[in-house]
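These are the residues of each chain, in order.
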Amino acid sequence: MIWKYCNDNYHLLNLISSVNLMRTKGLRCKRMKPLTNNAVQILQDRYLLRDKYGNVIETPDQMFRRVAKFVATAESKDLKIWETRFYELMTRLHFLPNSPTLMNAGVEEGQLSACFVLPIEDSLEAIFTTLKNTALIHQSGGGTGFNFSKLRPKGDWVSSSGGTSSGPVAFMKIYDAATEHVKQGGKRRGANMGILNIDHPDIEDFINSKSDNRAISNFNISVGITDDFMNAVEKDLDWNLINPRTKIIQKTVKALHLWQNIVQQAWKTGDPGLVFLNTINACNPLPKSGEIQSTNPCGEVPLLDYESCNLGSINLSKMIVGSSDTPEIDWNKLSETIHLAMRFLDNIISVNHYLLSEIETITKAHRKIGLGIMGWAELLIQLEIPYASDKAVRLAEELMQFIKENSYKASNELAKEKGRFPEWKNSSYFPKTVLRNATCNSIAPTGTISVIADTSYAIEPLFALAYNRVGILGGKTQTEMNSLFVQKMKALGLWNSKTEKLVLRDGGIQNVNEIPDEVKKLFETSLEISWKDHVLHQKAFQKYTDNAVSKTINLPENATTEEVSEIYHTAWKYKLKGITMYRYGSKDQQVLQKCNLNTSKDC
């Protein structure tokens, strides 16, 4: 492998072989932000184009140019100008689109969307037709969400065969097995969201379906919760389970019993999460098009059947102006970035390759996009605002309100230039708010693109100051040490081998006596922050987010089931659209790990 820097380290070229070196000879290096080793490793493994022999045939710079050029083809004029602007938007790491766009833009029949919801109807033909479509979406780089609640329960009569039904959980296992064998574009495994409504007769089997920690491993699962159920839990009432085929009550249980089962399994395995269906549909901008029953795999985009959505995230850690002593948010730069990113995402809808005609029809009718953020924790650190503080929560609301308002302004300008989304007159916006897009904002987890952008995940606090990312890229391990933390320690004269060893051991600094309390507070990590602060951040961002907020309430290993119950109940009270928690160590395989950064037996 040959590593080459050019133009004073502004651009990193990874030249895999002498053949590729010849191919890139004569290309001028563009001034782009240098990428970290971890970012380059991920890009090489998953994103950069390969030839038929499996050799990487493009550089990161060429990937960004490929994406920018293709997305700009949606423009009717000034294509080169828009290509340059899109290219600079990405190479400066101010914004990145979802992974399928980076992987597939400019590729023949490239599918660019990350999020899909497909229907699951109650017939064998429909179930396996959807399975086929799911495989095609996974192969192209997308993720899928389903609500299995229309399926008749296990043991129910099947008139066509004279037999009995296998039930939703059995079919979920078939979907899971298929997902295991269909890699997304040969680059990443498929991801699914499986939802079953709380009144389905098989709900208890569903709640317990991941109890052995290995079953249905390619699914996140969530229970579809209603306000009626939550009221029944609060009043300790009976709850009816209804056969979706006959509409007859099949069983009556205590609502509180179901709730306790959900809480126990979530504490044990991290699943199930909750999806609050009434809240989602109260915010549905297209109620005439139907009720929303499912979300994408990480829950940030509630979608109708066959809808898809394009996501992208602004890197907040780059939206700072002023000196290190007087940093502040650069609101002008943020506004410019929002407007350009909105145009970028809207263009994807126009140039995308759609795998199914049903997906193309409804996606173009609604033109939903989800502009979100990453680097929230690093922005707070640069502003010297602790994550677990009222000031941080207030800023979250102010920031997201600004993003939403500017997103709507951008969508309005696009509507005047290119036309409103076709179903606008049947939407909740009619007649006052003219938009190009039925939704504008969504906060995705930004798992991989945050690594490429070298910033913190979405709106999460820092997971740890030093940690391993394991089980990725074909079993490789990546080590992360937060650069802002190291800079702060050096500025205070506290960076030494002792501090480094302690951070590598613990992942944090709360046990380092030499570090001032205010610095410890600033660098509190995910497991050191109260669940209440986690949920307050999700509430603040959800207030001004069209779609939903993907956030994990990370809990320490010693968290209790009572805390899980309170988290889930608080999420409903706060009108969140969904909630997910994860107790550290509750899965056999865990992507982010504080330990294994040294050789001590404790790790």
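To keep things clear, this report deals only with the structure shown in the data block. (Residues numbered from 1 in each chain as written. Predicted model: local features only at pLDDT ≥ 70, side-chain atom pairs only at ≥ 80, totals over all residues. Heavy atoms only, no water.)

**Thoughts on the overall build of the protein**
Turning to step 1, where the next piece is worked out: If you tally the helices and strands in the protein, you get 21 helices and 25 strands.
Turning to step 2, where the next piece is worked out: Of all intrachain contacts in the protein linking residues separated by at least 6 positions in sequence, the fraction that spans at least 24 positions is 70%.
Turning to step 3, where the next piece is worked out: Element-wise, carbon and sulfur atoms account for 48% of the exposed surface of the protein, whose accessible area totals about 25300 Å². (Helix = DSSP H or I, 4+ residues; strand = E, 2+ residues; numbered from the N terminus. Contact = heavy atoms within 4.5 Å. Areas by Shrake-Rupley, 256 points an atom, 1.4 Å probe, with all protein chains shown as cover.)

**Quick look at the pattern of salt bridges**
Turning to step 1, where the next piece is worked out: Here the structure, examined in full by the defined rule, presents 25 salt bridges.
Turning to step 2, where the next piece is worked out: For Glu 307, the salt bridge goes to Lys 368, with nearest N and O atoms at 3.0 Å. In this pair, Glu 307 is assigned in the loop between β16 (302–303) and β17 (308–315) and Lys 368 in the loop between α13 (357–366) and β20 (369–374), connecting sequence segments 61 residues apart. Considered together, Glu 307 and Lys 368 belong to a single accessibility category, that of buried residues.
Turning to step 3, where the next piece is worked out: Close ionic contact of Lys 551 with Glu 460 constitutes a salt bridge, the shortest N to O distance being 2.7 Å. (Salt bridge = Lys/Arg side-chain N within 4 Å of Asp/Glu carboxyl O. Buried < 20%, exposed > 50% of the residue type's maximum accessible area, 1.4 Å probe, protein only.)

**A few points about the packing of helix α3 (residues 60–72) against helix α4 (residues 79–91)**
Turning to step 1, where the next piece is worked out: In the contact formed by α3 and α4, the axes pass within 8 Å of each other and the chain directions differ by 140 degrees. With respect to their mutual orientation, α3 and α4 come out oblique. For the crossing formed where α3 meets α4, the hand is right-handed. Along the contact surface, α3 presents Asp 61, Phe 64, Arg 65, Val 67, Ala 68, Lys 69, Val 71 and Ala 72, while α4 presents Leu 79, Trp 82, Glu 83, Thr 84, Phe 86, Tyr 87, Met 90 and Thr 91.
Turning to step 2, where the next piece is worked out: By residue class, the composition of the contact of α3 with α4 is 10 nonpolar, 2 polar and 4 charged. (Axes fitted to C-alpha atoms, helices over the stretch in contact; angles between N-to-C directions. Parallel < 35°, antiparallel > 145°, perpendicular 65-115°, else oblique. Left-handed = near helix turned anticlockwise from the far one by under 90°. Nonpolar A, V, L, I, M, F, W, Y, C, P; charged D, E, K, R; others polar.)

**Observations concerning the packing of helix α6 (residues 124–140) against helix α7 (residues 168–181)**
Turning to step 1, where the next piece is worked out: Interaxial distance between α6 and α7 falls to 10 Å at its minimum, and their mutual angle equals 25 degrees. By the angle class used here, α6 and α7 are roughly parallel. Remark: the crossing between α6 and α7 carries right-handed chirality. Contacts from Leu 124, Ile 127, Phe 128, Thr 130, Leu 131, Thr 134 and His 138 of α6 reach α7 at Phe 171, Ile 174, Tyr 175, Ala 178 and Thr 179.
Turning to step 2, where the next piece is worked out: Tallied by class, residues from the contact of α6 with α7 come to 8 nonpolar, 4 polar and no charged.

**Overview of the packing of aromatic side chains**
Turning to step 1, where the next piece is worked out: Taken as a whole and assessed by the stated rule, the structure comprises 19 aromatic pairs.
Turning to step 2, where the next piece is worked out: Taken together, a centroid distance of 5.3 Å and an interplanar angle of 70 degrees make the contact between Phe 95 and Phe 344 edge-to-face. Here the residue Phe 95 occupies a position in strand β3 (residues 95–97), and Phe 344 occupies one in helix α12 (residues 331–351), the gap between them amounting to 249 residues.
Turning to step 3, where the next piece is worked out: A relative accessible area of 0% places Phe 95 in the buried class.
Turning to step 4, where the next piece is worked out: Taking relative accessible area as the criterion, Phe 344 reaches 0% and is therefore assigned buried.
Turning to step 5, where the next piece is worked out: For the pair Trp 376 and Phe 541, a centre-to-centre distance of 5.1 Å together with 85 degrees between the ring planes defines the contact as edge-to-face. One end of the pair, Trp 376, is in helix α14 (residues 376–382); the other, Phe 541, is in helix α20 (residues 531–542), with 165 residues separating them in the sequence. (Phe/Tyr/Trp six-rings, centres within 6.5 Å; stacked < 30°, edge-to-face > 60°.)

**A few points about the nonpolar core**
Turning to step 1, where the next piece is worked out: In this structure, Phe 229, Trp 376 and Phe 541 are the most contacted members of the largest nonpolar core, which totals 143 residues.
Turning to step 2, where the next piece is worked out: Ignoring any residue separated from it by four or fewer positions in sequence, one finds Phe 541 in contact with Ile 373, Trp 376, Ala 396, Leu 399, Met 400, Ile 443, Ile 459 and Val 549.
Turning to step 3, where the next piece is worked out: In this structure, Ile 381, Phe 485, Val 486 and Ile 509 belong to the second largest nonpolar core, which totals 18 residues. (Core = buried A, V, L, I, M, F, W, Y, C linked by side-chain atoms within 4.5 Å.)

**What about the layout of surface pockets?**
Turning to step 1, where the next piece is worked out: Its volume calculated, the second largest pocket comes out at about 690 Å³.
Turning to step 2, where the next piece is worked out: Every residue lining the second largest pocket is counted, 27 residues in all, and those nearest its centre are Ser 317, Glu 378, Gln 382, Leu 484 and Gln 487.
Turning to step 3, where the next piece is worked out: Every element with two or more residues in the lining of the second largest pocket is listed here: α14, α16 (447–453) and α17 (483–491).
Turning to step 4, where the next piece is worked out: It is α17 that contributes the most residues to the lining of the second largest pocket, 5 residues altogether. (1 Å grid on protein atoms, 1.4 Å probe; cavity = no way out; pocket = protein on both sides within 12 Å on 5 of 7 lines; lining within 4 Å. Points joined across faces, edges and corners; volume = space filled by probe spheres on them.)

**Concerning the side chain of Thr 337**
Turning to step 1, where the next piece is worked out: Relative to the helices and strands, Thr 337 resides in helix α12.
Turning to step 2, where the next piece is worked out: Here Lys 333 takes part through its backbone oxygen, which lies 2.8 Å from a polar atom of the side chain of Thr 337.
Turning to step 3, where the next piece is worked out: Those residues in contact with Thr 337 that sit more than four places away from it in its chain are Leu 89, His 94, Phe 95, Ile 314 and Met 319. (Polar contact = N/O pair within 3.5 Å; in protein donor to acceptor, adjacent residues only side chain to side chain.)

**Description of the pairing of strand β12 (residues 238–242)**
Turning to step 1, where the next piece is worked out: Burial of β12 is one-sided: the residues Trp 239 and Leu 241 facing one way are buried, the residues Asp 238, Asn 240 and Ile 242 facing the other way are not.
Turning to step 2, where the next piece is worked out: In textbook terms, the turn of a hairpin is the stretch between consecutive antiparallel strands, and for β12 and strand β13 (residues 249–254) this stretch comprises 6 residues, one of which, Lys 247, has a positive phi near 65 degrees. (Pairing = 2+ DSSP bridges.)

**Observations regarding α7**
Turning to step 1, where the next piece is worked out: When the terminal C-alpha atoms of α7 are compared, their 21 Å separation across 14 residues agrees well with the 20 Å that a helix rising 1.5 Å per residue should span.
Turning to step 2, where the next piece is worked out: Restricting attention to buried positions, one finds in α7 the residues Pro 168, Val 169, Phe 171, Met 172, Tyr 175, Asp 176 and Thr 179. Angularly, the buried residues of α7 cover 155 degrees about the axis, an arc narrow enough to put them on a single face. (Expected span 1.5 Å × (residues − 1). Arc of directions from axis to C-beta.)

**Observations concerning a nonpolar patch on the surface**
Turning to step 1, where the next piece is worked out: Side chains of Leu 124, Phe 128 and Ile 174 sit close together on the surface and give an oily, nonpolar patch of about 260 Å² of accessible area.
Turning to step 2, where the next piece is worked out: Inspection of the secondary structure puts Leu 124 in helix α6.
Turning to step 3, where the next piece is worked out: Judged by its relative accessible area of 55%, Leu 124 falls in the exposed class. (Patch = residues over 30% accessible without salt bridge, like charges linked within 9 Å, V, L, I, M, F, W, Y side chains within 5 Å.)

**Description of the side chain of Ser 586**
Turning to step 1, where the next piece is worked out: With respect to the helices and strands, the residue Ser 586 is situated in the loop between β24 (578–583) and β25 (592–593).
Turning to step 2, where the next piece is worked out: Looking at Ser 586, the relative accessible area reads 3%, which means it is buried.
Turning to step 3, where the next piece is worked out: A distance of 2.7 Å separates the side chain of Ser 586 from the backbone oxygen of Arg 583, its partner in a polar contact.
Turning to step 4, where the next piece is worked out: The residues contacting Ser 586, other than those within four sequence positions of it, are Asn 213, Trp 267, Lys 268, Thr 269 and Gly 270.

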